[in-house]
Amino acid sequence: NRRRERCARRAQRFDALLAMARAAPHTRAVGLVPTVDVTHTEPFHVSKNVATLDYLSGGRFVFGVGGGWNAEEMANHGTIFKTRFALMRERIEAMKAIWANDVAEYQGEHVKFEPLWAWPKPVQKPHHRRTVTRLGEQSFRLTSAEPSLRWLHMNSVGMDVTITERTDQMAA
């Protein structure tokens, strides 16, 4: 079964943020672009890990965000597959609130937290660049409302375009 094989390969990978944290002090010009499936992890720890990596890399971090594809795995983490993109958007918004504010809070449909304090803050201001990675068009459409995002389509090697460029491509 191809799906089972793909899951087994993913399970053997290192944690992307920890691997980049190991590489950061040993490089100077390499951009660090790990992808984190934010539907599996809560925003407080991810925001802290991402800001730490941005600090350790001297601002070379680009946050790769994924919405997930494996319904069974998501269910094991308490994520409803059909609402994963709404959850992804709220978790990104919640992390941005944590990075931008000394005292942050967030009240969404899927993500809620009372005032909290979290440091470090990202070196890049107001926060680091974000890239949404996904196999399908739904992730693109979900994120197209935020022009600062870059969208990397995983089926197109090297395709890294702005939302405006992708909109033009889809219209053609």
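Refer to the preceding data block for the structure.
The present account deals with the structure reproduced in this document. Along each chain, numbering runs from 1 in the same order as the chain's sequence is written. Residues qualify for local features only when their pLDDT is at least 70, as the model is predicted, and side-chain atom pairs are given and counted only at 80 or more; totals for whole chains, interfaces and linings, by contrast, use all residues. Hydrogens are left out, water is left out, and the side-chain values use all remaining heavy atoms of the structure.

**Some thoughts on the overall build of the protein chain**
Note the cut-off: Numbering of helices and strands runs from the N terminus, with a helix taken as a DSSP run of H or I at least four residues long and a strand as a DSSP run of E at least two residues long. Only protein chains enter the accessibility calculation, which uses a 1.4 Å probe. A residue is then buried if its area is under 20% of the maximum for its type, exposed if over 50%, and partly exposed in between. Under the convention used here, a 1.4 Å probe and the Shrake-Rupley method define accessible areas, while residue burial counts only the protein chains that appear.
Check the secondary structure of the protein chain and you find seven helices and seven strands. Listed by position from the N terminus, the elements making up the protein chain come as α-α-β-α-β-α-α-β-β-β-α-β-β-α. The buried share among the 172 residues of the protein chain stands at 42%. For the protein chain, the exposed surface amounts to about 10,000 Å²; the carbon and sulfur share of it is 55%.

**A look at unusual backbone geometry**
Following Trp119, the chain continues into Pro120 via a peptide bond in cis, with omega recorded as 5°. When you line up the elements, Pro120 lands in the loop between strand S4 (112-116) and strand S5 (129-134).

**A look at helix H5 (residues 84-100)**
As a reminder, the rule being used: By this rule, a helix spans an expected 1.5 Å times one less than how many residues it contains.
Its 17 residues place the ends of H5 24 Å apart at the C-alpha level, agreeing with the 24 Å of an ideal helix rising 1.5 Å per residue. For H5, a buried count of twelve out of 17 residues is recorded, marking the element as mostly surrounded by other parts of the structure. If you check which residues of H5 are buried, you get Arg84, Phe85, Leu87, Met88, Glu90, Arg91, Ile92, Ala94, Met95, Ala97, Ile98 and Trp99.

**Brief notes about the pairing of strand S2 (residues 62-66)**
Convention followed: Pairing between strands is defined by DSSP: at least two bridges between the two strands are required.
The element S2 is extensively covered by neighbouring structure, given that five of its five residues are classed as buried. Neither face of S2 is open: one carries Val62, Gly64 and Gly66, the other Phe63 and Val65, and all of them are buried. By the bridge criterion, three bridges tie strand S1 (residues 35-37) to S2 in an arrangement that is parallel. Residue pairing in the sheet places Val36 in a bridge with Val65 of S2.

**Section: the nonpolar core**
Rule in force here: Definition used in this section: a nonpolar core is a set of buried Ala, Val, Leu, Ile, Met, Phe, Trp, Tyr and Cys residues joined via side-chain atoms within 4.5 Å. By definition in these notes, contact holds between two residues if any of their heavy atoms fall within 4.5 Å.
Counting 17 residues, the largest nonpolar core has Val38, Val50, Phe63 and Met95 as its most contacted members. Where this core is concerned, the elements lending two or more residues are helix H3 (43-56), S2 and H5. Residues contacting Val38, with those up to four places away along its chain left out, are Phe63, Val65, Gly66, Met88, Arg91 and Met95. Judged by nonpolar contacts, the second largest core, of nine residues, contains Leu87, Ile98, Ala104 and Val111.

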